[in-house]
Structures are given as C-alpha cells and as structure tokens.
Amino acid sequence: ILESTESLLGSTSIMGIIRVLNVSFEKLVYVRMSLDDWQTHYDILAEYVPNSCDGETDQFSFKIVLVPPYQKDGSKVDLSDAGKLYDFLIENMDQ
C-alpha cells in the first residue's frame, strides 16, 4: 500500500513510503515506474524503514530522481530542469 508521497517544490525527485505485508523476514521491495506510458519501465529498490514493523506489516521508503545529479570538479551538482514541471500518476498494477 502506498502510504505517502512527497515532492518538494523546486526538486526533481519524488519520495514515498509504502507498507507491505510481513510475509518473510528477508524481502526485497521494488517500486516500478515508467516515463513512456509503460512501453518500458524501471524498478527502484526501496529501503526498509527501521523499527516500522507493527507485527503484520513493514514500511519501506523510496526516492525517484527524475534529473540525475552529476559531478563537476569533485563536487556534486544537482541539475534543475529549467523549471519544467512533472506530473505523476499512481496506478495500481494488479498482476
């Protein structure tokens, strides 16, 4: 279940929290995204949120960066996308 998402003003990233059933102690949780109406997709590995287990479920966090940072002269530089705005749609993809 997607519990929350956040996109900071001026940022090119989306962060979120998802809650999954605790069916196994060890698990990998991915967020699937597409930039071309699902012609292709990317799977982003989510990270376990420490101390989030309520006995039945666990929380995982993810961050999707739409414009990657780069390094110049040894310093990390975040690119802005010339003020371009992004919309994102959350879809339940039952398989």
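For the structure, see preceding data.
Residues numbered from 1 in each chain as written. Predicted model: local features only at pLDDT ≥ 70, side-chain atom pairs only at ≥ 80, totals over all residues. Heavy atoms only, no water.

> When you look at the sheet that holds strand β6 (residues 57-65) in this model, what are you seeing that I'm missing?
Two strands in a sheet stick together by hydrogen bonds in their backbones, pointing the same way (parallel) or opposite ways (antiparallel). Strand order across the open sheet formed by 4 strands is β1-β2-β6-β5, with antiparallel pairing between neighbours. Lying at the two open borders of the sheet, with one neighbouring strand each, are β1 (2-6) and β5 (47-48). Judged from the 2 bridges that link them, β5 and β6 form a sheet pairing that is antiparallel. Bridging from a neighbouring strand, Glu-47 pairs with Ser-61 of β6. (Pairing = 2+ DSSP bridges. Helix = DSSP H or I, 4+ residues; strand = E, 2+ residues; numbered from the N terminus.)

> What's the story with the pairing of β6 in this structure? I'm lost.
Remember that side chains alternate between the two faces of the sheet whenever the strand is regular. Pairing of strand β2 (residues 13-21) with β6, which is carried by 9 bridges, proceeds in the antiparallel orientation. Counterpart to Ile-18 in the pairing with β6 is Phe-60.

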